[in-house]
Structures are given as C-alpha cells and as structure tokens.
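Here is how the chains run, residue by residue.
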Amino acid sequence: MNITDARVRLPQDRRTSASYSAPARQTEQYDRVLGLTDKMNGGTLSGLLKEMDAVGISRAVMHAESEGGEDADALNTALRSVLDEHPDRFLGVGCVDVTLSSPTAIAAQAARAQDLGLLGVSFQPAFFGLDIDDRRLYPLYSRAEEIGLVVAVHTGINYSRLHPIKHERAENLDQVACDFPDLRLIACHAGWPWVTEFAAVARRHPTVFLEYGAIAPKYVARPGTGWDVQFAMMANVLRDQVLYGSDWPMISPSRAVQEWRDSGLPDAALEALLSRNAERLFGLEGGGVGLPT
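Residues numbered from 1 in each chain as written. Predicted model: local features only at pLDDT ≥ 70, side-chain atom pairs only at ≥ 80, totals over all residues. Heavy atoms only, no water.

- As recorded in an unreviewed UniProt entry, the protein chain goes by Amidohydrolase family protein and comes from Longivirga aurantiaca.

What follows is the structure, given as structure tokens:
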C-alpha cells in the first residue's frame, strides 16, 4: 500500500523564522502535553524525508500553518520551494492570515496560494478568537469553493489557554458546509470532544473529511476515550471520509501508521484511511480532486 500522510507541517528549517514562537499562554500547555516548541524547533526537512522512507509513506501533504504571527504569503512561498525541490514527495496546502485588514484581503490571499500551485489553505480560527462560521471568513470560503481549494480548519480541543474551544464546535463547521455545499472541508484533529457531533456533520456532508493529526491512534481505537462513535463508523459509513495525518513533527509517522495498523480496522477501511481517501481528495488518482463516491 502506498501511504499518503494528509498533514505534515512545513519544517522549521524551511520556515520564515529561525525558531518556533507563539504567545506563551497559547503554547504552555501544548508544550506540557505535546512538547510542541521542542518538536517544531527540532523538525527538519531531511528528518521528515527519512521518517517517511522508514515507514513507506510515498507522498505527504505539507501544510504551511501559521500560529505565531508569521507572514502567510512568505510561508506559502517557502512551501512552494519545498514542493519544487521534491515534486514526487509533497503536495502543498498553504495558509492565510485571518488578522488581515479585511475579509476580502483574506480571500485574495487564498487565491494567491492557488496561484502558487497549492491545493488548499489551512487555518485555526479559534487561535484568533473566531468561530469557524464567523462572517469574516465567509469571503474566504466563497472564493475557495469557487476556485476549488480545499479548506482545512482546526477543530475540537486545543491546548491554548488564551482561546476557548467553543469556537470549534461541530455546528459551526456544519453551518459552513450548509452555506458552501461544494466546498471540500477538512476537520483537522477530528473534533474531540464533540466526536459524535462531528461524525454527524461528516455523515450529512460528503464534502467534510475528518483528519486525525497529532492524535495517538491507539486512543482513537480504545473504548471509553470518547472516540468510540467515529472509530466504529470508520469501518462503514464514514470509511471514505477519514484521513490519516501525522501532523509531523507532533507525532512520528512511524508510530502513527503502526498504531493504525494495530487498531483493528478492517483492511478496506485501513486502506481508505492511509491512502485512498487522500489520493482522491488531493487528485493523486489521476482523475482530479474529488469526493466520496
């Protein structure tokens, strides 16, 4: 099986700043729980390629996420350079700066990402005090739907002590999916603790994909951790709408892939999760980008 990692981060040694930085209250619990700052600062492009080779990951979708005030256009340009160096290994999802002066400017930045050959944009509304369905983001969603960009949105729990998690509730994503029915949306981190609600949103909308970056798969598969509904539905009705993503360097791809293999998912569901769904969503099957059939 050719594995496709649906989300790795632009390595720190290829970003616009020498070291990772974000507001202290935003990162302190991330550092305690995930070792965020150390992992980001230790992440290199050569190290990522070695990890991909070790576990048999043929392609990865690299995200230029902006969490600490880095200029989104500059990050997207840096991402483009990585894609040019390794066109057979990486696809790109850019980022937008939701603090720009106007909603129109945010939408224009997304269009510039497409001009660079990026397949989507990724952002974390809650880190900037915005609901997923905040009206400030609607021109972005409209432009992305019009020009065919995938939009990846941070959902569910976050460890920032500056920003309440209420911004990321499932009904906010459901509203966007209702208002933009042809917009392909990725719910990054798959929406815990609103696991049942996010499963319902994905079941309602074939345009919504659930991605499990930075989450240890062994906990998704363990009864009683709150993931039970989604894990059960991975094998059947949501099989074509789930994405393996490591969110490297947050979790090693080798660990994540092995834990998914040990999870007990049927072979067809495991293939969809680790390969087929990302290939279809990002146009690697040869027929262009698409939705579940």
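**A closer look at the pattern of salt bridges**
- The full count for this structure, using the stated rule, is 16 salt bridges.
- Two residues, Arg14 and Glu85, come together in a salt bridge whose shortest N-O distance is 2.6 Å. With Arg14 in the loop between β1 (3–9) and α1 (24–34) and Glu85 in helix α4 (residues 72–85), this residue pair connects regions lying 71 residues apart in the sequence.
- Take Arg14: its relative accessible area is 23%, and that puts it in the partly exposed class.
- Its relative accessible area of 44% is what places Glu85 among the partly exposed residues.
- Residue Arg169 pairs with Glu171 through a salt bridge whose shortest N-O separation is 3.0 Å.
- On the accessibility criterion, Glu171 (43% relative accessible area) is partly exposed.
- Here the salt bridges share partners, and the residues they tie into one network are Arg7, Arg9, Glu65, Glu211 and Asp247. (Salt bridge = Lys/Arg side-chain N within 4 Å of Asp/Glu carboxyl O. Helix = DSSP H or I, 4+ residues; strand = E, 2+ residues; numbered from the N terminus. Buried < 20%, exposed > 50% of the residue type's maximum accessible area, 1.4 Å probe, protein only.)

**A few points about unusual backbone geometry**
- Of note, the amide linkage connecting Trp192 to Pro193 takes the cis form, showing an omega dihedral of 15°.
- Checked against the element boundaries, Pro193 lands in the loop between β6 (185–188) and α8 (195–204).
- A cis amide bond links Trp248 with the next residue in sequence, Pro249, at an omega value of 10°.
- Mapped onto the elements of the fold, Pro249 is located in the loop between β8 (242–243) and α11 (253–261).
- Phi is positive for Ala214, close to 65°, though the residue is something other than glycine.
- Assignment of secondary structure puts Ala214 in the loop between β7 (208–211) and α9 (217–220).

**Concerning the nonpolar core**
- In terms of nonpolar packing, the biggest core is built from 75 residues, with Phe90, Tyr141 and Trp260 touching the most fellow members.
- At six residues, the largest contribution of residues to this core is made by α4.
- Excluding residues within four positions of it along the chain, Tyr141 makes contact with Phe123, Ile132, Val151, Val153, Val176, Phe180 and Leu183.
- Counting 13 residues, the second largest nonpolar core, distinct from the first, contains Leu91, Leu243, Ala278 and Leu281. (Core = buried A, V, L, I, M, F, W, Y, C linked by side-chain atoms within 4.5 Å. Contact = heavy atoms within 4.5 Å.)

**Notes on the sheet that holds strand β3 (residues 90–95)**
- Spatial strand order, β1-β2-β3-β4-β5-β6-β7-β8: eight strands in an open sheet with parallel pairing. Sheet topology places β1 and β8 at the edges, where each strand pairs with a single neighbour.
- Where strand β5 (residues 150–154) meets β6, four bridges bridge the pair, whose relative direction is parallel. Across the sheet, residue Val151 finds its bridge partner in β6, namely Leu185. (Pairing = 2+ DSSP bridges.)

**Some thoughts on the environment of Arg184**
- Among the secondary structure elements, Arg184 is positioned in the loop between α7 (170–179) and β6.
- C-alpha separation for the pair Arg184 and Phe198, spaced 14 residues apart in sequence, amounts to 15 Å.
- At 2.4 Å, the side chain of Arg184 forms a polar contact with the backbone oxygen of Gly148. (Polar contact = N/O pair within 3.5 Å; in protein donor to acceptor, adjacent residues only side chain to side chain.)

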